[in-house]
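# Fold and contact review
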Amino acid sequence: MRVDLSLYLVTDAELCRDAGLERTVMDAVEGGVSFVQLRDKHASDAEMIDQARRLKAALAGSGVPLVINDRLNVALQSGADGLHVGQSDTAVQEARAALGPEALIGLSINTLEQLHSAPISLLDYLGLGPVFATQSKHDHAAPLGFEGLAQLAAASPLPSVAIGGLKAEHAERVFQAGADGLAVISAICGQPDPCAAARAFLRPSR
Ligand code: TZP
Ligand code: MG
């Protein structure tokens, strides 16, 4: 399935707490977010299923897909569009078998070795990162910089989205590096105006 990864929002429950998760996501979509991943390391499965269902309903008709971070059972039970997994999460083969051919499945990649061992035919896209060190993910792998990102993007047979410490000012260099989009948490979640924060990625004021 073709996906628009150009501006990929990853949610953070803590950062979205004040404004509300749904409110933040919908404002960001109005500003141009093209893809949403629900990520919550602390919620119970039941809470996350509930959040995902509400987000999915809010996004209906927008054409913006919703995928779930890590938790296959949440993806299965919420009606989300798919799953994003890291290197040590549910195996892609298991996720594809459970979710079926139409689901969107993405995999995080930090090295060429990981890229070469990825089950490409079962995947829709790759997340490449972190580009920079970030406080939004505690145990993140070594930062790639734009050069490392370019190496991975050049070797990727799938659409790819860069992640990790990215701000609107990095958009041009990310696309120059060959990625198809930017994935962000803190540049949108917790910002006073998530709509404007998203817009800044699409229409840089330079
Ligand atoms: N995976 C690699 S870096 C990262 C994730 C989930 C966090 C990105 O957050 P931010 O705030 O955009 O740096
Ligand atoms: Mg993970």
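Source: prediction; values computed, not measured. (Residues numbered from 1 in each chain as written. Chains lettered and ligands numbered in written order. Predicted model: local features only at pLDDT ≥ 70, side-chain atom pairs only at ≥ 80, totals over all residues.)

### Points about the UniProt feature "binding site: 4-amino-2-methyl-5-(diphosphooxymethyl)pyrimidine" (unreviewed entry) in the protein chain
With numbering aligned to this structure, UniProt lists the feature "binding site: 4-amino-2-methyl-5-(diphosphooxymethyl)pyrimidine" (unreviewed entry) at Gln37, Leu38, Arg39, Asp40, Lys41, Asn69, Ser108 and Lys137. Among the secondary structure elements, Ser108 is positioned in strand E5 (residues 104-109). Among the residues examined, Ser108 registers 23 C-beta atoms within 10 Å and is labelled buried. Topologically, Lys137 is positioned in the loop between strand E6 (125-128) and helix H6 (145-155). (UniProt positions renumbered as here; feature names shortened; annotations may be inferred. Helix = DSSP H or I, 4+ residues; strand = E, 2+ residues; numbered from the N terminus. Buried ≥ 20, exposed ≤ 12 C-beta atoms within 10 Å, placed from the backbone.)

### Some thoughts on the packing of helix H1 (residues 21-30) against helix H2 (residues 45-59)
Running from N to C, H1 and H2 point in directions that differ by 30°, and their axes come no closer than 10 Å. As far as their axial angle goes, H2 and H1 are roughly parallel. When the axes of H1 and H2 are compared, the crossing they make is right-handed. Here Leu21, Glu22, Val25, Met26 and Val29 of H1 come into contact with H2, specifically with Gln51, Arg54, Leu55, Ala58 and Leu59. Split into classes, the residues belonging to the contact of H1 with H2 amount to seven nonpolar, one polar and two charged. (Axes fitted to C-alpha atoms, helices over the stretch in contact; angles between N-to-C directions. Parallel < 35°, antiparallel > 145°, perpendicular 65-115°, else oblique. Left-handed = near helix turned anticlockwise from the far one by under 90°. Contact = placed C-beta atoms within 7 Å. Nonpolar A, V, L, I, M, F, W, Y, C, P; charged D, E, K, R; others polar.)

### Things to note about the UniProt feature "binding site: Mg(2+)" (unreviewed entry) in the protein chain
Look at the UniProt record and you will see "binding site: Mg(2+)" (unreviewed entry) annotated at Asp70 and Asp89. Across 20 residues of sequence, these annotated residues stay compact in space, with a maximum C-alpha separation of 6.1 Å. Of note, Asp70 is situated in the loop between strand E3 (66-69) and helix H3 (72-78). Residue contacts for Asp70: discarding those within four places in its chain leaves Val85, Gly86 and Asp89. In this structure, Asp89 sits in the loop between strand E4 (82-85) and helix H4 (92-99). The exposure class of Asp89 is partly exposed, given the 17 C-beta atoms found within 10 Å.

### Looking at the nonpolar core
Ala162 and Leu182 are the most contacted members of the largest nonpolar core, which totals 64 residues. For this core, the element with the most residues is H1, which contributes five residues. Discounting residues that sit within four places of it in the chain, Leu182 has contacts with Leu7, Tyr8, Val161, Ala162, Leu166, His170, Ala171, Val174 and Phe201. (Core = buried A, V, L, I, M, F, W, Y, C linked by C-beta atoms within 7 Å.)

### Describing helix H8 (residues 194-202)
Within the sequence span of H8, burial applies to Pro194, Ala197, Ala198, Ala200 and Phe201. Here the buried residues of H8 occupy an arc of 150° about the axis, which is enough to place them on one side. Looking at the buried positions of H8, the neighbouring elements they touch are strand E1 (7-10), H1, helix H7 (171-176) and strand E8 (181-184). (Arc of directions from axis to C-beta.)

### Details of the confidence of the model for the protein chain
Looking at the protein chain as a whole, the pLDDT averages 96, with 98% of positions reaching at least 70. On the interface metric, ipTM, the complex scores 0.97, and its pTM is 0.97. (pLDDT = per-residue confidence, 0-100.)

### Observations regarding the packing of H1 against H8
At a minimum axis distance of 7 Å, the contact between H1 and H8 shows a crossing angle of 40°. Here H1 and H8 pass one another in a crossing that is right-handed. Contacts between H1 and H8 involve Thr24, Asp27, Ala28 and Glu30 on the former and, on the latter, Pro194, Cys195 and Ala198. Among the residues making up the contact of H1 with H8, the classes are represented as four nonpolar, one polar and two charged.

### Focus: the environment of Asp27
In this structure, Asp27 sits in helix H1. Spatially, the C-alpha atom of Asp27 lies 5.8 Å from that of Pro194, the residues being 167 residues apart in sequence. Not counting residues within four places of it along the chain, the set of residues in contact with Asp27 comprises Pro194 and Cys195.

### Re the environment of Glu169
Along the chain, Glu169 turns up in the loop between strand E7 (160-163) and H7. Using a count of 13 C-beta atoms within 10 Å as the deciding quantity, one classes Glu169 as partly exposed. Sequence separation between Glu169 and Pro143 is 26 residues, and the spatial gap between their C-alpha atoms is 18 Å.

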